Amino acid sequence: MDKFTTFLEKILLPIARKLNTNRYLGALRDGFMSALPMIIFGSIFVVLANLPFLDKILNEGAVTSYKNALGPASASTLSIMGLFVICGIGFKLTQYYKMDGLYGGFASIAAFIILTPQVLEGVSGVIPSAALGAQGLFLGIFTAFLSVELYRFFLQKNWTIKMPDGVPEAVSKSFSSLIPITFTLTIFLLIRILFSYTSFETVQNFIFTVIQKPLTSLGSGLAATIIAVLIIQLFWFFGLHGQIIVNSIMDPIWMTLSLENLEAFNAGLERPNIVNNQFIDTFIVGMGGTGMTMAVILGIFFITKSKQLRQLGKLGGGPSIFNVNEPIIFGLPIVMNPLIIIPWLLSPVVVTIVTYFSMATGLVPVSTGVHVPWTTPIFIGGMLVTNSIAGGILQLVNLAIVVVIWIPFLAILDKQYFRSEIKIPASKEKKIAN
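For clarity, every value in this text was computed on a predicted model and none was experimentally measured. (Residues numbered from 1 in each chain as written. Predicted model: local features only at pLDDT ≥ 70, side-chain atom pairs only at ≥ 80, totals over all residues. Heavy atoms only, no water.)

1. Considerations on the overall build of the protein chain
Point 1. Scanning the protein chain from N- to C-terminus turns up 19 helices and two strands.
Point 2. Dimensions of the protein chain, computed from C-alpha atoms along their principal axes, come out at roughly 85 × 60 × 45 Å.
Point 3. Counting only residues that meet the buried cut, the protein chain has 48% of its 434 residues in that class.
Point 4. Taking as baseline every contact in the protein chain between residues at least 6 positions apart, the subset at least 24 positions apart corresponds to 72%. (Helix = DSSP H or I, 4+ residues; strand = E, 2+ residues; numbered from the N terminus. Buried < 20%, exposed > 50% of the residue type's maximum accessible area, 1.4 Å probe, protein only. Contact = heavy atoms within 4.5 Å.)

Put into structure tokens, the structure is as follows:
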């Protein structure tokens, strides 16, 4: 086991360091986090607009009026989520280069709009909202990266208008950014014109066909999801925040899949994607935190005798309700503890498989695409993201499965702690315990 741990450490730690320090992945992660308040706001009103049994309480006309009244909350946030993410990425990446993030964010949005089709059902000058959501998310990410790099290039070339001393700072910054932004956006306009002469017609069609569609198809599969979950667990085993590292790569895929589900849900259609952001956040992370450590706490109270473990269970119990599990991660410990690597890796894989097939067979509805805060307690989170009590029940079933997997390993760990507390050799432990 020590050799295996050392082998994994040599492979994973260099990768983690590179991913953590990569400016593009950092900007991508922070861009999504910046958009989170708007995403959650929209999700709350999607849930409220689709409360179960609403049609049993109100007549059809009242239900329609109620949904129409709440609809703008989602339409102005979730449906155009790409704009918020793009602005956040541009802002954060520009800040990384020690430049004014505001203009980087503006340039990113303007470049994205230039490349976005502006025709809807034969009417020009109208941008389809779908192009600002799931369909345009990948284009927006690439656009944000490229626009900031171009803006930085022109700014570093000192192609700026310098205002005399005494001019207000806001005015001076605006004129300094004028030429770099003009050159940057002109390049994007030329790109749009060039693509209009290709079979794709628009850059968005090109990105969607060549990059986004294959990646989302791959990311929505069970095998790819299991691999992603395993990598998250391995990073955490070495004390690295696996969720942040892996999500910085997978979030564009999982969020796109969530938005596709949301669009289908709002249209009254079948949700197409079992795996998405909510699949990971609610049914794996949303049960006490990464690794579903609420089950570890329950196992501690069920079978352990050592004072150290039971005290740890009391300490970690409260936070685990809200999916905060650092007390367990570093207190059990899980980090670099070879005794628990098997349940730590096995439990999320089993739960991923159970959740996937529960939804694939129709026992539990697929996520509607709404986002709930990551601190939402178990059962409530499952109900909200599936719009069904079956989602909450599935979380409880998954929790029970993880408890069963963990109990034999907790028993071994408990014996070690128990021996150290009563300070006796292992050979006499059984006699005294009895």
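Read on for the rest.
2. Some details on the domain arrangement of the protein chain
Point 1. On domain assignment, one finds that the protein chain holds domain 1 (1–222) and domain 2 (227–421).
Point 2. Taking the mean C-alpha position of each, domain 1 and domain 2 sit 29 Å from one another.
Point 3. Tallying the contact residues gives 38 residues for domain 1 and 35 residues for domain 2.
Point 4. A buried area of about 3400 Å², summed over both sides, lies between domain 1 and domain 2, and 80% of it is on carbon and sulfur atoms.
Point 5. Inspection of the domain 1/domain 2 interface yields zero salt bridges. (Domains from an automatic or database assignment. Buried area = accessible area lost by both parts, 1.4 Å probe. Salt bridge = Lys/Arg side-chain N within 4 Å of Asp/Glu carboxyl O.)

3. Considering the environment of Val229
Point 1. Mapped onto the elements, Val229 comes out in helix H10 (residues 222–237).
Point 2. Once the C-alpha coordinates of Val229 and Ile284 are considered, the two residues, 55 residues apart in sequence, prove to be 8.8 Å apart.
Point 3. Excluding residues that lie within four positions of it along the chain, Val229 makes contacts with Ile280, Ile284, Pro348 and Thr352.

4. Description of the environment of Ile303
Point 1. By the element assignment, Ile303 lies in helix H13 (residues 294–303).
Point 2. Each C-alpha atom of the pair Ile303 and Arg152 lies 59 Å from the other, and the pair is 151 residues apart in sequence.

5. A closer look at the nonpolar core
Point 1. Residues Leu332, Trp344 and Trp406 are the most contacted members of the largest nonpolar core, which totals 105 residues.
Point 2. If sequence neighbours within four positions are ignored, Leu332 has contacts with Val296, Ile300, Leu309, Leu312, Pro327, Trp406, Leu413 and Tyr417. (Core = buried A, V, L, I, M, F, W, Y, C linked by side-chain atoms within 4.5 Å.)

6. Structural notes on the pattern of salt bridges
Point 1. Tallied over the entire structure, the rule returns four salt bridges.
Point 2. With a shortest N-O distance of 3.6 Å, Asp30 and Arg29 are connected by a salt bridge.
Point 3. Its relative accessible area of 28% is what places Asp30 among the partly exposed residues.
Point 4. Exposure remark for Arg29: the relative accessible area of 24% places this residue in the partly exposed category.
Point 5. The partner of Arg152 in a salt bridge is Glu149, with the nearest N and O atoms 2.9 Å apart. You can see Arg152 and its partner Glu149 sitting in helix H7 (residues 137–156), three residues apart, about one turn around the helix.

7. Some points on the packing of aromatic side chains
Point 1. Here the structure, examined in full by the defined rule, presents twelve aromatic pairs.
Point 2. Each ring, one from Phe154 and one from Trp159, has its centre 5.6 Å from the other, and the planes form 25 degrees; the classification is stacked.
Point 3. On the basis of relative accessibility, which here comes to 8%, the residue Phe154 falls in the buried class.
Point 4. You can call Trp159 partly exposed: its relative accessible area is 38%. (Phe/Tyr/Trp six-rings, centres within 6.5 Å; stacked < 30°, edge-to-face > 60°.)

8. Overview of the layout of surface pockets
Point 1. Roughly 840 Å³ of internal volume is contained in the largest pocket.
Point 2. Residue lining of the largest pocket: 36 residues in total, with Met33, Gln243, Asn247, Asp281 and Trp374 positioned closest to the centre.
Point 3. Of all the elements in the fold, those that place two or more residues in the lining of the largest pocket are helix H2 (23–49), helix H11 (242–266) and helix H12 (277–285).
Point 4. Examining the composition of the lining of the largest pocket, we find that seven residues originate from one element, H2, more than from any other.
Point 5. Residue composition of the lining of the largest pocket, grouped by class: 15 nonpolar, 16 polar and five charged.
Point 6. There is about 290 Å³ of room inside the second largest pocket.
Point 7. Contributing to the lining of the second largest pocket are 14 residues, with Asn50, Lys67, Gly71, Ser74 and Asn266 lying nearest its centre.
Point 8. Mapped onto the lining of the second largest pocket, the elements with two or more residues apiece are H2, helix H4 (60–75) and H11.
Point 9. No other element matches the five residues that H4 contributes to the lining of the second largest pocket.
Point 10. Taken together, the residues of the lining of the second largest pocket break down into seven nonpolar, six polar and one charged.
Point 11. For the lining of the second largest pocket, the two domains that each supply at least three residues are domain 1 (1–222) and domain 2 (227–421). (1 Å grid on protein atoms, 1.4 Å probe; cavity = no way out; pocket = protein on both sides within 12 Å on 5 of 7 lines; lining within 4 Å. Points joined across faces, edges and corners; volume = space filled by probe spheres on them. Nonpolar A, V, L, I, M, F, W, Y, C, P; charged D, E, K, R; others polar.)

9. Here we look at helix H18 (residues 389–422)
Point 1. With 34 residues, H18 extends 46 Å between its outermost C-alpha atoms, agreeing within 8% with the 50 Å of an ideal straight helix rising 1.5 Å per residue.
Point 2. Its axis deflected by about 40 degrees at Ile407, H18 carries its strongest bend there, up to four residues before the proline Pro408.
Point 3. For H18, the N-terminal capping position is held by Ser388, with its side-chain oxygen 3.1 Å away from the main-chain nitrogen of Ala390. (Expected span 1.5 Å × (residues − 1). Bend = angle between axes of the 7 residues up to and from the residue. Polar contact = N/O pair within 3.5 Å; in protein donor to acceptor, adjacent residues only side chain to side chain.)

10. Section: a nonpolar patch on the surface
Point 1. A surface patch of nonpolar side chains, amounting to about 450 Å² of accessible area, comprises Leu189, Leu190, Ile193 and Tyr197.
Point 2. Positionally, Leu190 belongs in helix H8 (residues 169–195).
Point 3. Under the relative-accessibility criterion, Leu190 is labelled partly exposed at 49%. (Patch = residues over 30% accessible without salt bridge, like charges linked within 9 Å, V, L, I, M, F, W, Y side chains within 5 Å. Areas by Shrake-Rupley, 256 points an atom, 1.4 Å probe, with all protein chains shown as cover.)

11. Some thoughts on H13
Point 1. For H13, the complete set of buried residues consists of Met294, Ala295, Val296, Ile297, Gly299 and Ile300.
Point 2. Where H13 is buried, its residues meet helix H14 (307–321), helix H15 (326–331) and H18.

12. Remarks on the side chain of Gln204
Point 1. Checked against the element boundaries, Gln204 lands in helix H9 (residues 203–219).
Point 2. Engagement of the side chain of Gln204 in a polar contact is seen with the backbone oxygen of Ala131, the distance being 3.4 Å.
Point 3. Every residue in contact with Gln204, bar those within four places of it in the chain, is listed here: Phe112, Leu115, Thr116, Pro117, Ala131, Gln135, Gly136 and Leu139.

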